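Survey of secondary and tertiary structure
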Amino acid sequence: MTYSYPILTYTIFLPLIGAVLLLFIDKEKHNAIRWTSAFFSFITLIMTLVILKDFDWTTAQMQFMETHSWIPAIGSNYILGVDGISVPMLVLTSLISLIAIVISFNITKRVKEYFVFFLLLECGMIGVFAALDFFLFYVFWEIMLVPMYFLIGIWGGPQREYAAIKFFLYTLFGSIFMLVAILILYFTSEPHTLSMMELIQIGPSFSHNIQIMAFAFFFIAFAIKVPVWPFHTWLPDAHVQAPTAISIILAAVLLKMGTYGMLRISWPMLPEGIQYFSVPIAILGVIAIIYGALVSLAQKDLKKLVAYSSVSHMGYCMLALAAYTSVTAMAGCMFQMISHGLITGALFLLVGVLYDRAHTREIAAFGGIGKKLPVYTALMVMFGMASLGLPGMSGFISEFMVFVGSFDHFWAEYWYIVALAILGVVLTAAYILRMIQNVFLGEFDEERWGHLTDINIRETLCVAPLAVLTIIFGIYPDPVIKLMEASLNNLVTLMAR
Amino acid sequence: MPLLAFAVIIFFTRWKESLSSYISIGAIVLGWLASIWIMIEIVSHGGHFVNVERAFSIVTLGAFNLQLGFVVDPVAAMMLIVVTTVSACVQIYSIGYMHGDPRFSRYFAYLSLFTFSMLGLVLANNFFLIFIFWELVGLTSYLLIGFWFEKKSASDAGKKAFITTKIGDLGFLLGLMLMYLWIGTFDYDEVFAVVNSGAVETWKLTFIGICIFCGAVGKSAQFPLHVWLPDAMEGPTPVSALIHAATMVAAGVYLVAKAMTFYVASPTAAMTVAWIGLWTSFFAASIALVQNDIKRVLAFSTLSQLGYMIMALGLTNFGAGTFHLMTHAFFKALLFLGAGSVIHAVHTNDINLMGGLLKKMKKTGGTFFVACLAIAGIFPLAGFWSKDEIIAATAGHPVFMVVASLVAFMTAFYMFRLFFKTFTGEPRDQEKYDHAHESPNTMTYPLIFLATLAVCAGWVGIPGIKGYSSYIFAYGGHAHIPHAHWDVMIISTVLALMGIGLAYMMYYKKSISADAMAERFGFLYRLFYNKYYIDELYDVVLIQPCYKFARFLWSFDANVVDGLVNLQATITMWLSDVKYWIDQNIVDGIVNGFGLFFDSASSALRKIQSGRLAHYLLAVVFGLILIGLLATSNLFNWTLIRVGQ
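Bear in mind the structure is a predicted one, so any value in this text is a computation, not a measurement.

Reading guide: rules and limits
Residues numbered from 1 in each chain as written. Chains lettered and ligands numbered in written order. Predicted model: local features only at pLDDT ≥ 70, side-chain atom pairs only at ≥ 80, totals over all residues. Helix = DSSP H or I, 4+ residues; strand = E, 2+ residues; numbered from the N terminus. Rg over C-alpha atoms; globule rule 2.2 N^0.38 Å. Buried ≥ 20, exposed ≤ 12 C-beta atoms within 10 Å, placed from the backbone. Contact = placed C-beta atoms within 7 Å. Pairing = 2+ DSSP bridges. Nonpolar A, V, L, I, M, F, W, Y, C, P; charged D, E, K, R; others polar. Expected span 1.5 Å × (residues − 1). pLDDT = per-residue confidence, 0-100. Core = buried A, V, L, I, M, F, W, Y, C linked by C-beta atoms within 7 Å. Axes fitted to C-alpha atoms, helices over the stretch in contact; angles between N-to-C directions. Parallel < 35°, antiparallel > 145°, perpendicular 65-115°, else oblique. Left-handed = near helix turned anticlockwise from the far one by under 90°.

**Thoughts on the overall build of chain A**
The number of helices and strands found in chain A is 18 helices and two strands. By the compact-globule yardstick of 23 Å for 497 residues, chain A fits well, its C-alpha radius of gyration being 22 Å. Residues classed as buried in chain A amount to 61% of the 497 residues present. In chain A, 81% of the contacts between residues at least 6 apart in sequence involve partners at least 24 apart.

**Looking at the overall build of chain B**
The secondary structure content of chain B amounts to 26 helices and two strands. The 645 residues of chain B split such that 52% are buried. Of all intrachain contacts in chain B linking residues separated by at least 6 positions in sequence, the fraction that spans at least 24 positions is 79%.

**A short note on the pairing of strand β1 (residues 63-71) of chain A**
Residue and element names in this part refer to chain A. As judged from the six bridges shared by β1 and strand β2 (residues 76-82), these two strands associate in the antiparallel manner. Each residue of the ladder has a partner; that of Glu66, found in β2, is Leu80. Counted between consecutive antiparallel strands, the loop separating β1 from β2 contains four residues, among which Gly75 sits at a positive phi close to 70°.

**Here's the deal with the environment of Leu461(A)**
All names here are of chain A. Along the chain, the position of Leu461 falls in helix α17 (residues 457-475). By the C-beta count within 10 Å, which is 12 here, Leu461 ends up exposed. Residues Leu461 and Met330 lie 131 residues apart in sequence; the distance between their C-alpha atoms is 32 Å.

**Notes on the interface of chain B and chain A**
Interfaces are often sized by the amount of accessible area the parts lose when they come together. Facing the 43 residues of chain B at the interface are 45 residues of chain A. Considering each element in turn, the side of chain B that touches chain A owes the most residues, 13 residues, to helix α6 (residues 152-182) of chain B. Class assignment for the residues of the side of chain B that touches chain A results in 28 nonpolar, seven polar and eight charged.

**Focus: unusual backbone geometry**
Residue and element names in this part refer to chain A. Residue Val226 is joined to Pro227 through a cis peptide bond whose omega torsion reads -15°. As for its placement among the helices and strands, Pro227 is situated in the loop between α8 (208-225) and α9 (234-241). For the bond from Trp229 to Pro230, the omega torsion is 5°, close enough to zero to count as cis. Locating Pro230 in the fold gives a position in the loop between α8 and α9. A positive phi angle, near 60°, is found at His359, a position not held by glycine.

**With respect to helix α16 (residues 362-376) of chain B**
Residues spaced three or four apart along an α-helix face the same direction, because each turn holds 3.6 residues. Residue and element names in this part refer to chain B. Between its first and last C-alpha, α16 extends 21 Å over 15 residues, near the 21 Å set by a 1.5 Å rise per residue. Taking burial as the measure, the 15 residues of α16 include eleven buried ones, the bulk of the element. Looking only at α16, the buried set comprises Thr364, Gly365, Thr367, Phe368, Val370, Ala371, Cys372, Leu373, Ala374, Ile375 and Ala376. Of the residues one or two after α16, Gly377 is the one with positive phi, at around 85°.

**Some details on the confidence of the model for chain A**
Summary statistics for chain A give a mean pLDDT of 88 and a share of 99% for residues scoring 70 or more. By mean pLDDT, the top-scoring element of chain A is helix α3 (residues 86-103) of chain A (92), and the lowest-scoring one is helix α16 (residues 446-449) of chain A (78).

**Focus: the nonpolar core**
If you look at soluble globular proteins, the nonpolar side chains tend to sit buried side by side. In terms of nonpolar packing, the biggest core is built from 414 residues, with Ala333(B) and Ala454(B) touching the most fellow members. When residues in this core are grouped by element, the largest group, 23 residues, is from helix α15 (residues 394-440) of chain A. Those residues in contact with Ala454(B) that lie beyond four places of it in its chain are Phe330(B), Phe331(B), Leu334(B), Val370(B), Ala371(B), Ala374(B), Leu381(B) and Ala382(B).

**Details of the packing of helix α13 (residues 327-358) of chain A against helix α18 (residues 478-495) of chain A**
All names here are of chain A. One can describe the packing of α13 onto α18 by two numbers: an axis separation of 9 Å at closest approach and a directional angle of 130°. Here α18 runs oblique to α13, going by the angle between their axes. For the pair α13 and α18, the sense of crossing is right-handed. Along the contact surface, α13 presents Val327, Met330, Ala331, Met334, Phe335 and Ile338, while α18 presents Val480, Ile481, Met484, Leu488, Asn489, Leu491 and Val492. Considering only residue class, the contact of α13 with α18 consists of twelve nonpolar, one polar and no charged.

**Here's the deal with the confidence of the model for chain B**
Residue and element names in this part refer to chain B. When pLDDT is averaged across chain B, the result is 76; 82% of the residues are at 70 or more. Per-residue pLDDT, averaged within each element of chain B, yields its smallest value for helix α1 (residues 2-11) (46) and its largest for helix α8 (residues 202-219) (88). Low pLDDT, under 50, characterises residues 607-611; the stretch is placed with zero contacts to residues that sit more than four places away or in other chains.

**Brief notes about the environment of Ser406(A)**
As for its placement among the helices and strands, Ser406(A) is situated in helix α15. Taking the C-alpha atoms as reference points, Ser406(A) and Leu433(A), separated by 27 residues in sequence, lie 27 Å from one another.

**Some remarks on the environment of Ala320(A)**
Considering the arrangement of structural elements, one finds Ala320(A) in helix α12 (residues 302-322). We classify Ala320(A) as buried; it has 32 C-beta atoms within 10 Å.

**Section: the packing of α3(A) against helix α4 (residues 111-130) of chain A**
Residues and elements named next belong to chain A. Running from N to C, α3 and α4 cross one another at 170°; their axes reach a closest spacing of 9 Å. The angle between the axes of α3 and α4 places the two elements in the roughly antiparallel class. Judged by residue contacts, Ser86, Met89, Leu90, Thr93, Ser94, Ser97 and Ile101 of α3 engage Phe118, Glu122, Met125, Ile126, Phe129 and Ala130 from α4. Grouping the constituent residues of the contact of α3 with α4 by class yields eight nonpolar, four polar and one charged.

Following this line, the structure appears as structure tokens:
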């Protein structure tokens, strides 16, 4: 499907236009600022939905392509395009952004700057998922970092500056590796090119060593973003210190960029790399699953618990990614990315709701608040159950597909890696139930928590779409799978080269 | 239908208590009528009525296909009736029992959700779908055990139940993976066709069979994952009756029955199942002998009876296992509801504080007595017929035969110990006795109804009557035809009567002192009373180390993994300090030195133009490199450390 107008460009730069517009609004007019940014974010969501509607899922071809010469000196072009891997991510990003903006309505500190940064961030995120040129990709990748740095550093918790700098430097450290890898590919390709599609075509012709090296560099860059154990320690700090909306964005979108980068770039482009590193990556994935779950079990801070659960859940993605011959595993990985975005996004949102009221996130400080906040508790229990992979919720489908797919791939030699990963299911149940019990069940301290109020309408409206999607995808995931199927089949073929 | 009720109750009628219970009960009664209708259809079609209502793919990806589909076969129809009957009775009973509870509506919503999941489990047409509902019943069980969540023990028990069964479910999940890998489908018919064709090696079938059985071990609380069931008695008693006695715990048995083909194909898997069942039945019965909490005695009795069914299935006697599943559901639900009625009256679970209640609670006591007879296996009650078949199934396996008979004796003994201590003799706590009263009609009518079933349900399996049972409990085309095993019948009846007699002497006539017995077998008594110390063992061996390891990993994460990151930062900062010093003293010194040097020597060396240029260039390059290094590393670390502190 082609349009008479460049829909992807519009989608990417709409938030940017919004940000620019915001600059002209009086900074005291908080509501005007809030509603303007929500409006632009909403239109962006509509745009991505239009893309979704007109997307042809029967083919693995890139669609809505836009190609313009950009910096001819280095052969960089402005290329945009989407396929079945990026479309779901685009929709997820715009949906989560809108929700995060609405949930940020209670921000009162430097409102204007906050929303300007936020829209800039959204522009960067959508750009990453649509860029098909390395230079452009890198630019969007870095554009995202700056607003993120400020959003954590200014509006975060007590240790926000440490967390912001740690996040920034850690990711920048990864970016350097990515840059090196890009340069390796650029100079190896003949004629030199930065186009991802072209490099995917010629990638397998590169020598084994080049492939391995570029793959390893890309892997470090993306692994930091995912984050893969042992590159994960920026995550708990960033999550805990970041304001609620940013935690949601971090969990639901930013982490996915790592796995997206792998699926889009290093996996299909450097098939010998993934073939070579498959087992170590699977092992890292399993370590993340078990390790993340165990560390969650020991957490005293609610938000940190959710943060480590992200480490554990992204481990499933890595395990699936390692099983590069199985379409089921790839689909499981994609589905896990989506469902983790919905579920963990919702969990961070809910933790933020509680923190706004109680001003603490210490698990031990609560107890029995299920009595006082029934609706909130029901939502939290629901998402907790979704997180531990209860059937009927999207998390179960993705976990199941990840297990089936990776079993399919690994069973002949390394079946025990997958078998070990299944253990993570019990540990997840343990930390989620422990959290539910300590926070919501038990004796209620009327004196201390008597003033708590249940979740309000704005917050409920923010959670509702996540809840509905979690359940719909849990019961009928087929549309999402169909959306990705052609592209993933193509991906597996590419990796088998 | 119950799902609809759940949604309606949750969203609309939270504040109208009576309405929610009526909606819930209305739904279940409709479900009950539907299951009766299905049963009639099946009977009129001679057992060949298999109705695939709908199969619907939720995921198709190449060969990977997950379906939602429902199928009714005779066993499913039998389970439908059991589930809806018990559920209806329990819900009606709950109106009385839960009267005045602040979360009355929610209770009915959960019950409806449970019934929905259980019916889904029964009707599923493939192993994947059964797993989905399997987990959902686990969820409702968790919610209902912890229903009175203000009590720490209740929320603990809920958590324990969920996690323990989840461990079993891991096995189930692994079994599903292997099934997909080796057989390539989850659909019952297709799986069984492949298994029967012999295309898959036996060791693989053994593996899958044992993995699936792990799920049943968790759900049906077989040894060694039985620990959650006794604790689950923290839930409201009607819940114990419905979920933890009659239906959900029987799901494990149902699963093994459904997967029977695997056990027929793999004797190793079958014998594993049989041994676990046998051991559980004995082990739990021995614990039940000495417990004093009325619900715990019943819980261990449930364990023991489930072990019986599992054992029968392990001996690949499909009919005996499923038949006992049905009869047990009725009389065990009755026992629990009776116990609930007693608890409702005296507000304690401790049988040492009861006694003589028969005078005050005639209906409860009477129906309880019927149930005790039924479970003990006295002619002609339900338990007699099914238990007889199980013991007959052990023929040819002497160990099984002896232990199973012993368990029958023990069962009769502990059930009547319970009965005599609760309902006969002198009241041991006068105050509680005075307050005791018969329960309201909403509670006693379900008791009477179930008591009728406890008497009659076994009659479908009377040997010689070639009735419905021949195909309801049939497996794989072999009609289930009960044979009369006179020897077994006589032996088991005698054993049961001996058990009852012993209980009568000890707890009614008191001609044998129970305390003296406990003294004499002190070691065994303590072992049984403390449930073989299994809970303590798990706590020491598994749970504490797990928490310790978790805490260790956390500190490892904070100190080592993150420590490395911070150490890296510290080192770079130190390096940058060094470079700063170099920059200040050496680089700048050289520059200054050059300046000085040139200043003072310029006049003298003015003529050596080329040398000066080369030196100058060298200095510039050297300086640039250092400045470049400095700029990056300083920015990098100075900020990090400053802010970090």
